Amino acid sequence: VVHRHYSVVIGEKTFIDTSLQSKSSDVFYSPSLMSFTMGLDTSIFFPFLKGSSSVIHDDYNPYSILDILHKYRITIFFAVPSIYSILHTIIPAFQNPFCQCRYCVAGGESLPKQVIRAWREKFGVRLCQVYCTTELLFPVLSNISTAPLDGSVGKVIYGYKALLFNDEYAPTKVNEIGKLVIQGEGIATEYWGNQELPSKVLRKNSYFSSDQFYRDK
């Protein structure tokens, strides 16, 4: 996808400043590849925009991830839910490499409630969730700064608008599942070399996803 350079500035003023609220003393790490938004954001954009540090490593073995957490005292950790499930399994009960973490954040996949609860019980750290795609570049939904509610991705980030539509493109009601549409600046402008897809997905600062959500109020 093609983004404007200004999209990075928008991401700083929306997600980083209002939800993540990172500090120059933070150390970021994500085992996700930088060809994916989570890896790119966590390894490059999040830390560099606020003068923080990041750990970049090309070994994605779970035990190597664990070594990095111990060695560099990571304070903000981003990973897909499957990584959290694996780490929860392999880390002994008497170890807690997340005791210095301000945030453990999941994204890229659905985050099961049982993973959230098991993580909290074992490590005493809240497992947060964000929603982001390559088209959006930065997270637009987050529960980092909201009251904990297991299974909820939280609220829309300042600067964006989230809408849900059913198959007839009518707005959904409370507790009705619908497809997510995100509106705001910073959204991709086109797909490189693809002239047909943008008209279906990217329209006037709007991203029409195929991801399904429901709102509880």
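Parameters at a glance
- Residues numbered from 1 in each chain as written.
- Predicted model: local features only at pLDDT ≥ 70, side-chain atom pairs only at ≥ 80, totals over all residues.
- Heavy atoms only, no water.
- Buried < 20%, exposed > 50% of the residue type's maximum accessible area, 1.4 Å probe, protein only.
- Helix = DSSP H or I, 4+ residues; strand = E, 2+ residues; numbered from the N terminus.
- Pairing = 2+ DSSP bridges.
- Right-handed = clockwise from strand over helix to strand, strands pointing away.
- 1 Å grid on protein atoms, 1.4 Å probe; cavity = no way out; pocket = protein on both sides within 12 Å on 5 of 7 lines; lining within 4 Å.
- Points joined across faces, edges and corners; volume = space filled by probe spheres on them.
- Nonpolar A, V, L, I, M, F, W, Y, C, P; charged D, E, K, R; others polar.
- Axes fitted to C-alpha atoms, helices over the stretch in contact; angles between N-to-C directions.
- Core = buried A, V, L, I, M, F, W, Y, C linked by side-chain atoms within 4.5 Å.
- Contact = heavy atoms within 4.5 Å.
- Salt bridge = Lys/Arg side-chain N within 4 Å of Asp/Glu carboxyl O.

Caption draft 1: Summary view of the pairing of strand 3 (residues 76–79). The two faces of strand 3 match: Ile76 and Phe78 on one face and Phe77 and Ala79 on the other face are all buried. With 2 bridges joining them, strand 1 (residues 27–29) and strand 3 adopt parallel strand pairing. In the sheet register, Tyr29 faces strand 3, and the bridge partner there is Phe77. Pairing analysis gives 4 bridges linking strand 3 to strand 4 (residues 103–106), with the strands arranged parallel. Its bridge partner lying in strand 4, Ile76 is registered against Tyr103. Regarding the hand of the β-α-β motif, the stretch spanning strand 3, helix 4 (residues 81–90) and strand 4 is right-handed.

Caption draft 2: Up close: the layout of surface pockets. Empty space within the largest pocket amounts to approximately 1,400 Å³. Lining the largest pocket are 46 residues, with Leu141, Ser152, Val153, Gly154 and Phe213 sitting closest to its centre. Broken down by secondary-structure element, the contributors of at least two residues to the lining of the largest pocket are helix 2 (37–49), strand 5 (127–131), strand 7 (155–156), strand 8 (160–165) and strand 10 (206–213). Looking at the lining of the largest pocket residue by residue, the class counts come to 23 nonpolar, 14 polar and 9 charged. Forming the walls of the second largest pocket are 13 residues, and the residues nearest its centre are Tyr169, Lys179, Phe208, Ser209 and Ser210. Looking at the lining of the second largest pocket, the elements with two or more residues in it are strand 9 (178–184), helix 6 (198–201) and strand 10. Each residue belonging to the lining of the second largest pocket can be placed in one class, and the counts come to 6 nonpolar, 3 polar and 4 charged.

Caption draft 3: Spotlight on the sheet that holds strand 8. Reading across the sheet, the 3 strands line up as 8-9-10 and stay open at both edges, with antiparallel pairing between neighbours. The open sheet has two edge strands with one neighbour each: strand 8 and strand 10. Each neighbouring strand pair of the sheet contributes to a mean axis angle of 25°, computed without reference to strand direction. Taken together, the 6 bridges between strand 8 and strand 9 define a ladder with antiparallel strand orientation. Bridging from a neighbouring strand, Lys161 pairs with Gln183 of strand 9.

Caption draft 4: Region of the structure containing the nonpolar core. Within the largest apolar cluster, 35 residues are counted, with the highest numbers of intra-cluster contacts made by Phe15, Leu20, Phe46, Phe78, Tyr131, Ile144 and Tyr207. Secondary structure elements with two or more residues in this core: helix 1 (6–20), helix 2, strand 3, strand 4, strand 5, strand 8, strand 9 and strand 10. Setting aside residues up to four positions removed in sequence, Phe46 forms contacts with Phe15, Ile16, Leu20, Ser22, Phe28, Asp41, Phe78, Phe138 and Pro139. Leu66, Ile68, Ile74 and Cys101 belong to the second largest nonpolar core, which has 26 residues in total.

Caption draft 5: Inspection of the pattern of salt bridges at higher detail. Scanning the model with the defined rule gives 5 salt bridges in all. Note that Lys50 is salt-bridged to Glu12, the shortest N-O span being 3.1 Å. With Lys50 in the loop between helix 2 and strand 2 (53–55) and Glu12 in helix 1, the pair connects residues that are 38 residues apart, well separated along the chain. Judged by relative accessible area, which is 18%, Glu12 ranks as buried. Notably, a salt bridge pairs Asp17 with Lys50, separated by 2.8 Å at the nearest N-O pair. Taken together, the residues Asp17 in helix 1 and Lys50 in the loop between helix 2 and strand 2 connect sequence positions 33 residues apart. A network of salt bridges, in which partner residues are shared, links Glu12, Asp17 and Lys50.

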